[in-house]
Amino acid sequence: MLAVQLLVNGFVTGCALGVVAISFSLIYATTKIFHVAHAGIYTLAGYLAWTFVSHGVPDIAALLLAIALGALGGAAIQQFLYAPLERRKATHLVVLIASLGLLAVMQNIIAAVYSANILQFPVPWGSRMVAAGSIRLTWTQLLTAVLSLAAYAGTMWFAHRTILGKRIRAVASNPFLAEITRLQPQAVYIYVLAIASAIVCLPGVLVPLDLGLQPYGGITPLLTATIAMIAGGVGSISGAFALSVLIAELQNLSLLVIPGEWSIGITFFIFVIFMLFRPTGLFTKAR
Amino acid sequence: MNRLIRCAVAVLAICLTFGGVAQAETIRLGAILPLTGPGALIGTQQMRGIQFAIDQVNAKGGVNGNKIEVLFEDNQAKPDQSILSFNKLVDLQKVPMIFSAYSGPTLAMAPLATRKKVLLINAGAQADKLATASPYLINTLPTIGDEVSVISKYVVGEGKKRAAILFENDAAGIAGRDDYLKAFPAAGGTILAQEPTQFGQTDFRPALLKLADSKPDVMLVSITAGLQQMAQQYKQLGLKFMVAGTTFFQDPSVVADPAAQGFVHTQVRIDAPPALAAAFKQKYGVDMEFFVRQYYNATEIVVAVLDKLTAEKKPITGESMRDTLLAIRKFNGLIPLEFKSNTATVKLDINVMKDGKDVTIKQLSNE
């Protein structure tokens, strides 16, 4: 019973993490920006949805509004932070520091406005149970798994079947060639930040719906997602998603054999060893 | 003659002026609390508790005509910042006494308090080492070890002899875990399993599942954050064993949550009179929370000490304040307590969460 329940919990956590990883991967593969402030958008989405729900906005509308505002926030970050830095020939390190600074500002504003307390969504249905034999899940967990899988499928479809998706992949593949073939990389970067920010808002709302909101709660998922992206192969959407699920499963199932305090350390130690033998990641670029 | 009168008036005026200053002398105290950073929420409660008590004393004319002023320093709950603040308050402002909070910062300042003979009053931290850290450190709360001992005896007495421990993997959580490892077997129970969580982590499901697998009668908890989420996940997973903890359980959101129904814990007895709680709410717009009451109570103790010292016209130093505090020994303020050592002996209740309320089922003490 314990192993199966841990397996199911790991899958739910991994799916949510997978959506963070594919959205981060989309940004990094296209813009080459290590967009740490993505964790800020993830956190902000939860607080925005909480605010809407607390003011009587229906739950679905609150989620959609948070996604829309998250997309706008992402586009604004590209337009008003990253694009000016690129025009001034800022190095990757400078851009990373700017992103880190923005994340700190966002987290501090959220903490100042909402307090550093853990906030609960006033959504009673979220904690109702669905039981199948000995497996017990909340509606929020079930919804997280289903919508995350849908987000993964949707991102794959978008990247491979739409004109904008193909344009993004072209820019990611060769920005210089994209520039001279008038694919307008700068405009594409804004689209990418907006789309990836919209995608990350999904776990940004669903995970806190299950586990509560914290101003500094976005860092750990982003860090784990980044590792999943690298281990999965930078640019591979499937790789990032699959490795996220694998990491979450390893963290959960490792509890069967080792104490919890070793779980994170041993999981990532396995990945360090793995990266030594396959530094380009498990899934090679599959754009 | 006129000249003589003028001189006499001048001398009288000087005497009155200096006499007046002496009578209206402001007694300066210090407080080193986390006013920014992750501990800011609790630090702000602590600051308000002190300031609320001081404002009430000053509004009544101070202690024997002396107003009190508390100089607040922000340590962000960091030991190194606390040392800087301590030196600033003691060396520059010459304060004889400082309110402190959090185990790490208080333990860092304790050796300095001993060396500089400055009284430290801690009303928020509970690490066991605080009891012996300095003769100049007075703890108005029992240590976590005292509470763990009381709850362990109660739980075993209820026939729940097989326990699992859920603890936070930081200094406070590990100290609590270690106390359970000693106190629970000493009370006649057996520890079957233990699982850590990270501070601020709110996904307790893996740890709860693993602990449940050891089939305990009771889960002993030593976490300070995410209690409500832990309670909800405990309920969602359909777990049935008893859940027991310490004063950290006294979180209004946890008590109100139906998921925490049946949780038992020790509780330092605090009965804030309704009029006092209402006055606080009117001033700050929020309830008089746990740490507000703790620091209000600690300030009342300090005021009682200052009252005695000024009435007896004794110098106000860290040493005289400590000696007077230990000589008074019994205080019947917001929290009645007694100092048989430099850690207070207080009334401890065993509470159970029932229908959204924290109901006292047994009254004990940490003695």
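What counts and what doesn't
- Residues numbered from 1 in each chain as written.
- Chains lettered and ligands numbered in written order.
- Predicted model: local features only at pLDDT ≥ 70, side-chain atom pairs only at ≥ 80, totals over all residues.
- Helix = DSSP H or I, 4+ residues; strand = E, 2+ residues; numbered from the N terminus.
- Buried ≥ 20, exposed ≤ 12 C-beta atoms within 10 Å, placed from the backbone.
- Contact = placed C-beta atoms within 7 Å.
- Expected span 1.5 Å × (residues − 1).
- Pairing = 2+ DSSP bridges.
- Axes fitted to C-alpha atoms, helices over the stretch in contact; angles between N-to-C directions.
- pLDDT = per-residue confidence, 0-100.
- Domains from an automatic or database assignment.
- Nonpolar A, V, L, I, M, F, W, Y, C, P; charged D, E, K, R; others polar.
- Core = buried A, V, L, I, M, F, W, Y, C linked by C-beta atoms within 7 Å.

## Quick look at the overall build of chain B
Piece 1. Looking only at helices and strands, chain B has twelve helices and 14 strands in total.
Piece 2. A principal-axis box enclosing the C-alpha atoms of chain B has dimensions of 100 × 40 × 35 Å.
Piece 3. Sorting the 367 residues of chain B into buried and exposed places 53% on the buried side.
Piece 4. Across chain B, every contact between residues at least 6 apart in sequence was considered, and the portion connecting residues at least 24 apart equals 65%.

## Examining the overall build of chain A
Piece 1. Summing up its helical and strand segments, chain A has eleven helices and two strands in all.
Piece 2. Seen in sequence order, chain A has helices and strands lined up from the N terminus as α-α-α-α-β-β-α-α-α-α-α-α-α.
Piece 3. Along the longest, intermediate and shortest principal axes, the C-alpha atoms of chain A span 60 × 50 × 35 Å.
Piece 4. Within chain A, residue pairs in contact and separated by at least 24 positions form 77% of the contacts whose partners lie at least 6 positions apart.

## Focus: unusual backbone geometry
Piece 1. Here the phi dihedral of A:Lys89 falls at roughly 60 degrees; this positive angle occurs in a residue that is not glycine.
Piece 2. You can see A:Lys89 is positioned in the loop between α3 (59–87) and α4 (92–114).
Piece 3. You will see that B:Tyr102, though not glycine, has its phi angle at about 65 degrees, which is positive.
Piece 4. Assignment of secondary structure puts B:Tyr102 in the loop between β3 (97–100) and α4 (103–116).
Piece 5. With 27 C-beta atoms counted inside 10 Å, the residue B:Tyr102 sits in the buried group.

## With respect to helix α10 (residues 237–253) of chain A
Note that an α-helix has 3.6 residues per turn; residues three or four places apart therefore point the same way.
Piece 1. Taking 1.5 Å per residue as the helical rise, α10(A) with its 17 residues ought to reach 24 Å, and the 24 Å between its terminal C-alpha atoms agrees with that figure.
Piece 2. With 13 of 17 residues buried, α10(A) is to be regarded as a mostly interior element.

## A look at the sheet that holds strand β5 (residues 137–139) of chain B
Residues and elements named next belong to chain B.
Piece 1. Across the sheet, which stays open at both edges, the five strands sit in the order β2-β1-β3-β4-β5 with parallel pairing between neighbours. Only two strands of the sheet have a single neighbouring strand rather than two, namely β2 (68–74) and β5. In this sheet, neighbouring strand axes are inclined to one another by 25 degrees on average, regardless of whether the strands run parallel or antiparallel.
Piece 2. Where strand β1 (residues 27–33) and β3 come together, three bridges link them in parallel fashion. Paired with Gly30 across the strands is Ile98, a residue of β3.
Piece 3. Lying on the sheet, α4 is in contact with β1, β3, β4 (119–122) and β5; it crosses β4 at an angle near 160 degrees.

## Some words on the interface of chain B and chain A
Accessible area lost upon the coming together of the parts serves often as the stated size of an interface.
Piece 1. Counting residues at the interface gives 23 residues for chain B and 20 residues for chain A.
Piece 2. Mapped by element, the contributors of at least two residues to the side of chain B that touches chain A are α2 (40–59), β7 (190–197), α7 (205–213) and α8 (227–236) of chain B.
Piece 3. At six residues, the largest contribution of residues to the side of chain B that touches chain A is made by α7(B).

## Points about the confidence of the model for chain B
Piece 1. In this model, chain B carries an average pLDDT of 88, and 92% of its residues clear a pLDDT of 70 or more.
Piece 2. Scored by ipTM, the complex comes to 0.84, with pTM at 0.78.

## Comments concerning helix α6 (residues 171–186) of chain B
Piece 1. Between the first and last C-alpha of α6(B) there are 23 Å, a value that for 16 residues agrees with the 22 Å anticipated at 1.5 Å per step.
Piece 2. B:Gly188 occupies a position one or two residues after α6(B) and carries a positive phi of about 110 degrees.

## Some words on the pairing of strand β1 (residues 129–132) of chain A
Residue and element names in this part refer to chain A.
Piece 1. Pairing between β1 and strand β2 (residues 135–138): four bridges, direction antiparallel. Residue pairing for β2: Val130 is matched across the bridge by Leu137.
Piece 2. Hairpin geometry of β1 and β2 is characterised by an intervening segment of two residues between the two adjacent antiparallel strands and by a positive phi of about 65 degrees at Gly133.

## Side note on the domain arrangement of chain B
All names here are of chain B.
Piece 1. On domain assignment, one finds that chain B holds domain 1 (11–142 + 271–346) and domain 2 (145–268 + 348–365).
Piece 2. The distance between the C-alpha centroids of domain 1 and domain 2 comes to 31 Å.
Piece 3. Residues belonging to the side of domain 1 that touches domain 2 are distributed by class as follows: six nonpolar, three polar and one charged.

## Let's talk about the nonpolar core
Piece 1. If you look at the biggest cluster of nonpolar residues, it comprises 196 residues, and the most contacted ones within it are A:Ala21, A:Ala49, A:Val192, A:Ala228, B:Ile98 and B:Leu120.
Piece 2. In terms of residues, this core owes the most to one element, helix α8 (residues 185–211) of chain A, which gives 18 residues.
Piece 3. Two domains each provide a minimum of three residues to this core, namely domain 1 (11–142 + 271–346) and domain 2 (145–268 + 348–365) of chain B.
Piece 4. If we skip the residues at most four places from it in the chain, A:Val192 touches A:Leu26, A:Ile27, A:Thr30, A:Thr31 and A:Ile168.

## A short note on the pairing of β7(B)
Within a regular strand, side chains alternate between the sheet's two faces.
Piece 1. Bridging between strand β6 (residues 162–168) of chain B and β7(B) involves seven bridges; their strand directions are parallel. Across the sheet, residue B:Leu166 finds its bridge partner in β7(B), namely B:Glu195.

## Digging into the environment of B:Ala225
Piece 1. Mapped onto the elements, B:Ala225 comes out in the loop between β8 (218–222) and α8.
Piece 2. On the basis of neighbour count, B:Ala225 is assigned to the buried category, with 23 C-beta atoms found within 10 Å.
Piece 3. Sequence separation between B:Ala225 and B:Asp251 is 26 residues; the distance between their C-alpha atoms is 9.9 Å.
Piece 4. Beyond its immediate chain neighbours, meaning those up to four positions away, B:Ala225 contacts A:Ile118, B:Phe199 and B:Gly200.

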